[in-house]
Amino acid sequence: VGLEIGKGVTSVATEGSLVRVVCSDGSEYAARVAIAADGLRSVIRESMHGAAEPVASGYVAYRGALPIEQVQRPHDLDTVIAWIGPGVHLVQYPIRRGDLYNQVAVFKSPSYAAADPDWGSPQELDEAFEALCPAVRVALPSLHRNVRWPTYDREPVDRWVDGRVALLGD
């Protein structure tokens, strides 16, 4: 039996033949195993490998979804399209039964390397994609400019299972 816990996990402990998961809202769950996919700041990973800060990759993502009828594309809107270039990529695909078209643009930020605290700006997004083909450039205005997602890495670990707890990733 699986259970998706949408609340922040604060602790995980093995107690005999069960794993007990405690959430930030005080709720508790017990199961024979726990398989965690709890994200970048994983409580499970920390319990298995100790605390370690994520490392910024220098890449940043911008996203945007729009109604499928607003998409002006010369290609099939039922498939995943990936446009890839040096230090950049744009992925486009339908979501919500084909009602929306999701787009994610990722690029390596030059200002990250220069230690600019505001790295990955919308201006850098436009500059990173300005030399690409028209089908890519036409997608950029539909990306949300008010939120950006800097991407992070983690140092590799040698163990993904600890007794009754397994770390899957996020």
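Use the structure listed above.
Just so it is clear, the model here is predicted, and its values are computed rather than measured.

Cut-offs used in this document
Residues numbered from 1 in each chain as written. Predicted model: local features only at pLDDT ≥ 70, side-chain atom pairs only at ≥ 80, totals over all residues. Heavy atoms only, no water. Helix = DSSP H or I, 4+ residues; strand = E, 2+ residues; numbered from the N terminus. Contact = heavy atoms within 4.5 Å. Phe/Tyr/Trp six-rings, centres within 6.5 Å; stacked < 30°, edge-to-face > 60°. Buried < 20%, exposed > 50% of the residue type's maximum accessible area, 1.4 Å probe, protein only. Lys NZ or Arg CZ within 6 Å of the ring centre and 35° of its normal. Pairing = 2+ DSSP bridges. Axes fitted to C-alpha atoms, helices over the stretch in contact; angles between N-to-C directions.

**Student:** Which residues make up the environment of valine 161, and what values go with them?
**Tutor:** Here valine 161 lies in strand β10 (residues 161-162). Along the chain, valine 161 and methionine 48 lie 113 residues apart, while their C-alpha atoms are 8.4 Å from each other. Apart from the residues lying within four places of it in its own chain, the contact partners of valine 161 are Met48 and Ala166.

**Student:** How would you sum up the packing of aromatic side chains? Please name residues and give values.
**Tutor:** Summed over the entire model, instances satisfying the criterion amount to 2 aromatic pairs. Taking the centre distance of 6.3 Å and the plane angle of 10° together, the rings of tyrosine 62 and phenylalanine 107 count as stacked. Taken as a pair, tyrosine 62 in strand β5 (residues 55-67) and phenylalanine 107 in strand β8 (residues 100-108) lie far apart in primary sequence, 45 residues in all. The exposure classification of tyrosine 62 matches that of phenylalanine 107, with both residues buried. Lying across the ring of tryptophan 149, arginine 63 places its NZ or CZ 4.5 Å from the centre.

**Student:** Requested: an account of the sheet that holds strand β11 (residues 165-167), with residues and values cited.
**Tutor:** The strand order β4-β11-β10 describes an open sheet built from 3 strands, whose pairing is mixed. Every interior strand has two partners, whereas the edge strands, β4 (34-36) and β10, have only one. Bridge analysis of β4 against β11 gives 3 bridges, and the strand direction is parallel. When the bridges of β11 are listed, isoleucine 35 appears paired with alanine 166.

**Student:** Before we move on, could you go through the sheet that holds β8 and cite the residues and values that matter?
**Tutor:** In space, the 5 strands of this open sheet follow the order β6-β7-β8-β5-β9, with antiparallel pairing throughout. Here the strands that pair on one side only, and so sit at the sheet edges, are β6 (81-85) and β9 (149-153). Across this sheet, the average inter-strand angle for adjacent strands is 20°, counted without regard to direction. Examined bridge by bridge, β6 and strand β7 (residues 88-95) share 5 bridges and lie antiparallel to one another. Residue tryptophan 83 lies in a different strand from β7, and its bridge partner there is leucine 90. The strands touched by helix α3 (residues 122-129) are β5, β7 and β8; relative to β8, the strand with the most contacts, the crossing angle is about 90°.

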